[in-house]
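Remarks on the overall topology
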Amino acid sequence: MAEEQSSAPGHSRWKSLLDHLNFVVAVIGLVVGLVAFYVPVRMDRQAQERERSRTCVDAVIDLRAALTTIENGYATAADQKPERTADWDAGKAEVERTQASCLDAPLSPRNSVPQSKGLWEPYDTEQNTARHTTPSFEAIRALRTWTLDAIADLTQP
């Protein structure tokens, strides 16, 4: 009986140590589980942001090309109204594509699509003016400046 009493306190120490070790293992498991969940979610979020940036950059580059086509068309054959009208229509399609592609892109607040709405409306006005006379190209220049700023926003590290 004396043996049982002397082993009981030692047994309770081992049991207490085992309980503490179980707790530590459980906490480590929880931390590892959280990290295993957080890291892939974060990587996925970063991949989505890169994809939104890439899509927006592609649209902005195509918009720049359309704006150049409009200006070059007037420089080389201003009297060809059907071709110039087609250039403006193609440019309008690129403006709309850029608006849609860049809506969720990580642009600076001043270059965001909603903030840049003032650039899109003058394009329509110049497009309508171009049906009757040579436009001033102010909207084209403003959009071209915006495209450079947007590309800078999207390509900075």
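Calculation criteria
- Residues numbered from 1 in each chain as written.
- Predicted model: local features only at pLDDT ≥ 70, side-chain atom pairs only at ≥ 80, totals over all residues.
- Heavy atoms only, no water.
- Salt bridge = Lys/Arg side-chain N within 4 Å of Asp/Glu carboxyl O.
- Helix = DSSP H or I, 4+ residues; strand = E, 2+ residues; numbered from the N terminus.
- Buried < 20%, exposed > 50% of the residue type's maximum accessible area, 1.4 Å probe, protein only.
- Disulfide = S-S within 2.5 Å.
- 1 Å grid on protein atoms, 1.4 Å probe; cavity = no way out; pocket = protein on both sides within 12 Å on 5 of 7 lines; lining within 4 Å.
- Points joined across faces, edges and corners; volume = space filled by probe spheres on them.
- Nonpolar A, V, L, I, M, F, W, Y, C, P; charged D, E, K, R; others polar.
- Axes fitted to C-alpha atoms, helices over the stretch in contact; angles between N-to-C directions.
- Parallel < 35°, antiparallel > 145°, perpendicular 65-115°, else oblique.
- Contact = heavy atoms within 4.5 Å.
- Patch = residues over 30% accessible without salt bridge, like charges linked within 9 Å, V, L, I, M, F, W, Y side chains within 5 Å.
- Areas by Shrake-Rupley, 256 points an atom, 1.4 Å probe, with all protein chains shown as cover.

Right, let's get into the pattern of salt bridges. Applying the stated criterion to the full structure yields 8 salt bridges. Note that Asp 62 is salt-bridged to Arg 97, the shortest N-O span being 2.5 Å. Of the two residues, Asp 62 sits in helix α1 (residues 2-77) while Arg 97 sits in helix α2 (residues 81-102), which places them 35 residues apart along the sequence. Residue Arg 97 is classed as partly exposed on the basis of its relative accessible area, which comes to 32%. One salt bridge in this structure joins Arg 97 and Glu 94, with 3.1 Å as the shortest N-O distance. Placement of both Arg 97 and Glu 94 in helix α2 is noted, with a separation of 3 residues, approximately one turn of the helix. Salt bridges here are not isolated pairs; linked through shared partners, they connect Glu 51, Arg 54 and Asp 58.

Right, let's talk about the state of the cysteines for a bit. Summed over the entire model, instances satisfying the criterion amount to 1 disulfide. Bridging Cys 56 to Cys 102, the disulfide has an S-S length of 1.9 Å. Taking the sign of the torsion about the S-S bond as the criterion, the disulfide between Cys 56 and Cys 102, at about 100°, is right-handed. Separated by 46 residues along the polypeptide, Cys 56 in helix α1 and Cys 102 in helix α2 bring together distant segments of the chain. Across the pair, Cys 102 and Cys 56 agree in class, each one buried.

Let's shift gears to empty space enclosed by the protein. A full pass over the atoms with the stated rule returns 1 cavity of 30 Å³ or more. Taken as a whole, the largest cavity encloses approximately 40 Å³ of empty space. If you trace the largest cavity, you find it lined by Tyr 74, Arg 84, Thr 85, Trp 88, Gln 127, Ala 130 and Arg 131. Residue classes in the lining of the largest cavity are distributed as 3 nonpolar, 2 polar and 2 charged.

For the rest of this paragraph, the subject is the packing of α2 against helix α3 (residues 117-130). Contact geometry of α2 with α3 gives a least axis separation of 10 Å together with a crossing angle of 170°. Taken as axis vectors, α2 and α3 run roughly antiparallel relative to one another. Each of Lys 81, Asp 87, Trp 88, Asp 89, Gly 91, Lys 92, Val 95, Thr 98 and Gln 99 in α2 lies in contact with α3, whose residues at this interface are Trp 120, Tyr 123, Asp 124, Glu 126, Gln 127 and Ala 130. Grouping the amino acids of the contact of α2 with α3 by side-chain chemistry returns 5 nonpolar, 4 polar and 6 charged.

Taken together, the side chains of Phe 23, Val 24, Val 27, Ile 28, Val 31, Val 32, Val 35, Tyr 38, Val 39 and Met 43 define a hydrophobic patch exposed on the protein surface, amounting to about 930 Å² of accessible area. As for its placement among the helices and strands, Val 24 is situated in helix α1.

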